[in-house]
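Observations on the three-dimensional arrangement
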Amino acid sequence: MSGTTSPATLIRLAEGDGVLVAAQDLAPGPHRTSAGGTVLVRERVALGHKVAARDLAMGERVVRAGMSIGSATRVILAGEWVHTHNLASDYIATFAHRGGER
Amino acid sequence: MTAAAALPGGTLLGYPRSDGRVGIRDVVAVVYLVECARLVADAIAAGCSNPDDVHVIGFGGCYPSPYAQQMLERLCTHPNVGAVALVSLGCEGFDRERLAEVVAASGRPVTTLVIQQTGGTRATVAAGRAWVDGVRAGSIGTPAARTAPIELADLVVGTICGGSDGTSGITANPVVGRVFDRLVAAGGTAVFEETGELIGCERHMAARAVTPELGAEIVARVEKAAGYYTAMGHGSFAPGNAEGGLTTLEEKSLGAYTKSGSGPIHGVVTPGQLVPAPGLYLLDVVPEGAPRWGFPNINDNAEIAELIACGSHVVLFTTGRGSVVGSAISPVVKICANPETYRRMSEDMDVDAGRILEGRDGIDDVAGEVLDLLHEVAGGRPTASEGLGHTEFVLTYKSSEPTGPSCLPTVR
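What counts and how
- Sequence order as written defines the numbering, with residues in each chain counted from 1.
- Here every chain gets a letter starting at A, and every ligand a number starting at 1, in the order they are written.
- Only residues with pLDDT of 70 or above have their local features reported here, since the model is predicted, and side-chain atom pairs are shown and tallied only from 80 upward, although totals for entire chains, interfaces and linings are computed over all residues.
- For the purposes of this entry, the term helix denotes a DSSP run of H or I that reaches at least four residues, the term strand denotes a run of E that reaches at least two, and both are numbered from the N terminus.
- Just to be clear, the radius of gyration here is over C-alpha atoms, and the globule rule we use is 2.2 Å times residues to the power 0.38.
- Buried, partly exposed and exposed are defined by the number of other C-beta atoms within 10 Å of a residue's own C-beta, namely 20 or more, between the two limits, and 12 or fewer respectively, with C-beta atoms placed from the backbone.
- Assignment of crossover handedness uses the view with strands pointing away from the viewer, where a clockwise path from the first strand over the helix to the second indicates a right-handed crossover.
- Linking buried Ala, Val, Leu, Ile, Met, Phe, Trp, Tyr and Cys residues through C-beta atoms within 7 Å yields a set, and such a set is a nonpolar core.
- Domain start and stop positions are those given by an automatic or database domain assignment.
- Any pair of residues counts as being in contact when their C-beta atoms, constructed from backbone geometry, are within 7 Å of one another.
- In this classification, the charged set is Asp, Glu, Lys and Arg, the nonpolar set is Ala, Val, Leu, Ile, Met, Phe, Trp, Tyr, Cys and Pro, and all remaining amino acids, among them Gly, are polar.
- At least two DSSP bridges between two strands are needed for those strands to be called paired.
- A fitted line through C-alpha atoms serves as each axis, taken over the contacting stretch for helices, and the angle formed by two N-to-C directions is quoted from 0 to 180°.
- Working rule for angles: under 35 degrees goes down as roughly parallel, over 145 as roughly antiparallel, 65 to 115 as roughly perpendicular, anything else as oblique.
- Should the near helix be turned anticlockwise from the far one by less than a right angle, the crossing is left-handed, and should it be turned clockwise, the crossing is right-handed.
- Each residue after the first adds 1.5 Å to the expected span of a helix.

Glancing now at the overall build of chain B. When helices and strands are tallied, chain B shows 14 helices and 14 strands. The C-alpha radius of gyration of chain B comes to 21 Å, within 12% of the 22 Å expected for a compact globule of 412 residues. Along the longest, intermediate and shortest principal axes, the C-alpha atoms of chain B span 60 × 45 × 45 Å. Taking all 412 residues of chain B together, 57% fall into the buried category.

Okay, here's the thing in structure tokens:
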């Protein structure tokens, strides 16, 4: 069962996830995770946005809630904001092509 | 894992039906068979001596629709329905005789009021009210009619998300996923939707399918949905999604997908097709073939009606921005993802899942609350939308074909 002792500001949705989700607007600095640890957030991150849970290699599939949400387009360090500047869909190209065929 | 944890509560009492299913409500359905009969149906329902459990459903079109026929047959014989009054203008294309036969064969009281034969608006309203009050003077809708023992695992539970925002995929949707994991592990039945909002999740879903053939069907059906929505000109990813923290198309789909939990997927059904056995099912709402009737579902209530037609006794509705709707026939449980929305609209909400964001509880805690609430709602406690009188219903032109054996591998 989940702990309820201290408010976590970073939500880990599933074990093994590469990203955590900000439960509120976050300032740089250490933030507690719902998994019980602490991550040093490196920049400002808004509610609902993502932070790297650990270092992610370039090209690595980034997993949220146990599912890939795309691939890292460069090395991402633990605590960095993860968004369109360092993560890209593995799917949109396929989808656009499929749509274009019709 | 908590997935195998026992479900809350003990045995409940519901309304027994001749097909073996058990209702958790005993609604009298007043059914208009063309828009021209709608006001009469509304007036019948509103003027009954106790209008709370009298719900108006129907179909507005004058041209025949096999889909609408099938939907209304399923809805009028849904376990939450105890009696049916059909309201026909008289000249519309709907096959009212067939619908009445299907309802009568189920053992339910049924009447057909044809406005042109009954003598117009006032006479038909009076005749309809008298009939509804008559069936309710019997045992329809009374607590004494709850005689069939059921448990939570005997219910079919549907889910839908609407008015989603950046919090939906973090709080309310994973909560429903956890509820589904526990329900299905305990032998229950759960239905999630919809193929068009799961684009990007198809490989992951296929890996959860109980057979490779079912997995291939799921992939093909999501690809069909992608083509259909593209033909509709429906954009796949809006700038607002990125502002809310969603980076990719698959991440957006993932938010909706988390409602399905993490367990095996047992089958795929289409609108109006009864879920055939316990397990977790995907409802494919997108018609086969080239687009003909427009968007697969024009709003949330069109989809809720389809979940109910597949047999859902109750629907879990997750919302971030704050939907207020309920539904005819089956109770809708509103699970609010966003704590600020909850504070603003708490009267319309049943569950505050946004508290997960504020660290006040975890996903398992809120899932436990939802299961406890489901147990109470099954026993008769009104949901927020029921208490406020929400009985929305939408049914439009569409086509739908039942799935075959490759989509239902657990059915022999």
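Attention now moves to the pairing of strand E8 (residues 156–161) of chain B. Along any regular strand the residues' side chains alternate between the sheet's two faces. Of all 6 residues in E8 of chain B, 6 are buried, a share of seventy percent or more. A crossover connection joins E8 of chain B to the parallel strand E9 (residues 189–192) of chain B through helix H6 (residues 172–185) of chain B; in handedness this β-α-β unit is right-handed.

For the rest of this paragraph, the subject is the nonpolar core. Counting residues in hydrophobic clusters, the biggest one holds 154 residues, and the most contacted among them are Val51 of chain A together with Val30, Val31, Ala85, Val87, Ile335 and Val370 of chain B. The element contributing the most residues to this core is helix H13 (residues 363–378) of chain B, with 9 residues. If you count residues domain by domain, this core takes at least three from each of domain 1 (27–141) and domain 2 (152–407) of chain B. Not counting chain neighbours up to four residues away, the residues in contact with Val51 of chain A comprise Leu10, Val19, Leu20, Ala22, Val39, Val41, Val45, Gly79, Glu80, Trp81 and Val82 of chain A.

Contact with chain B, which involves 34 residues of that partner, is made by 33 residues of chain A. Breaking the side of chain B that touches chain A down by element, the ones donating at least two residues are helix H8 (212–231), helix H10 (249–257) and H13 of chain B. With 5 residues, H8 of chain B is the largest single contributor of residues to the side of chain B that touches chain A. By residue class, the composition of the side of chain B that touches chain A is 11 nonpolar, 16 polar and 7 charged.

Turning to the sheet that holds strand E1 (residues 12–16) of chain B, a few remarks are in order. Across the sheet, 3 strands lie side by side as E2-E1-E7 (chain B); this open sheet has antiparallel pairing. Looking at which strands have only one partner, the edges of the open sheet turn out to be strand E2 (22–23) and strand E7 (148–150) of chain B.

Residue and element names in this part refer to chain B. Relative orientation of the contacting elements helix H2 (residues 66–76) and helix H11 (residues 300–309) amounts to 60°, with a least axis distance of 9 Å. Relative to H11, the element H2 lies oblique. In this structure, the crossing between H2 and H11 has a hand that is left-handed. Judged by residue contacts, Met71, Arg74 and Leu75 of H2 engage Ala305, Ile308 and Ala309 from H11. Taken together, the residues of the contact of H2 with H11 break down into 5 nonpolar, no polar and 1 charged.

Moving on, we come to the environment of Thr73 of chain A. Residue and element names in this part refer to chain A. By secondary structure assignment, the location of Thr73 is in the loop between strand E7 (67–72) and strand E8 (81–82). Considered as a pair, Thr73 and Ala57 are 16 residues apart in the sequence and their alpha carbons are 8.7 Å apart. With sequence-adjacent residues up to four places away left out, Thr73 is seen in contact with Met58, Asn86, Leu87 and Ala88.

All names here are of chain A. Reading across the sheet, the 4 strands line up as E1-E2-E5-E8 and stay open at both edges, with antiparallel pairing between neighbours. The strands lining the two open edges of the sheet, one partner per strand, are strand E1 (10–11) and E8. Direction of pairing for strand E2 (residues 19–22) relative to strand E5 (residues 50–52): antiparallel, over a ladder of 3 bridges. From the neighbouring strand, Leu20 faces E5, where its bridge partner is Val51.

What follows deals with the domain arrangement of chain B. Residue and element names in this part refer to chain B. The domains assigned to chain B are domain 1 (27–141) and domain 2 (152–407). One C-alpha centre belongs to domain 1, the other to domain 2, and the line joining them spans 29 Å. Facing 17 residues of domain 1, the contacting portion of domain 2 comprises 16 residues. Mapped onto the side of domain 1 that touches domain 2, the elements with two or more residues apiece are strand E4 (54–58) and H2. Of all the elements, H2 adds the most residues to the side of domain 1 that touches domain 2, at 6 residues. The residue inventory of the side of domain 1 that touches domain 2, partitioned by class, reads 10 nonpolar, 6 polar and 1 charged.

With that out of the way, let us pick up the packing of H2 of chain B against helix H3 (residues 96–105) of chain B. All names here are of chain B. Direction vectors running N to C along H2 and H3 enclose 25°, while the axes themselves pass 9 Å from each other. Taken together, the axes of H2 and H3 lie roughly parallel to each other. Pair H2 / H3 crosses with right-handed handedness. Every residue of H3 that contacts H2 at Leu72, Glu73 and Cys76 is listed here: Leu99, Val102 and Val103.

Before going further, it helps to examine H6 of chain B. Residue and element names in this part refer to chain B. Here H6 is 14 residues long and its end C-alpha atoms lie 20 Å apart, about the 20 Å a rise of 1.5 Å per residue gives. Summarising burial for H6: 13 of the 14 residues are buried, a large majority. One or two positions beyond H6, positive phi appears at Gly187, with a value near 90°.

All names here are of chain B. In terms of burial, strand E13 (residues 332–336) is a largely internal element, 5 of the 5 residues being buried. Burial of E13 is two-sided: the residues Val332, Lys334 and Cys336 facing one way and the residues Val333 and Ile335 facing the other way are all buried. When strand E12 (residues 314–319) meets E13, the two strands line up parallel, connected through 5 bridges. Pairing of Leu316 across the sheet is with Val333, part of E13. For the handedness criterion, the β-α-β arrangement of E13, helix H12 (residues 339–345) and strand E14 (residues 351–352) is classed as right-handed.

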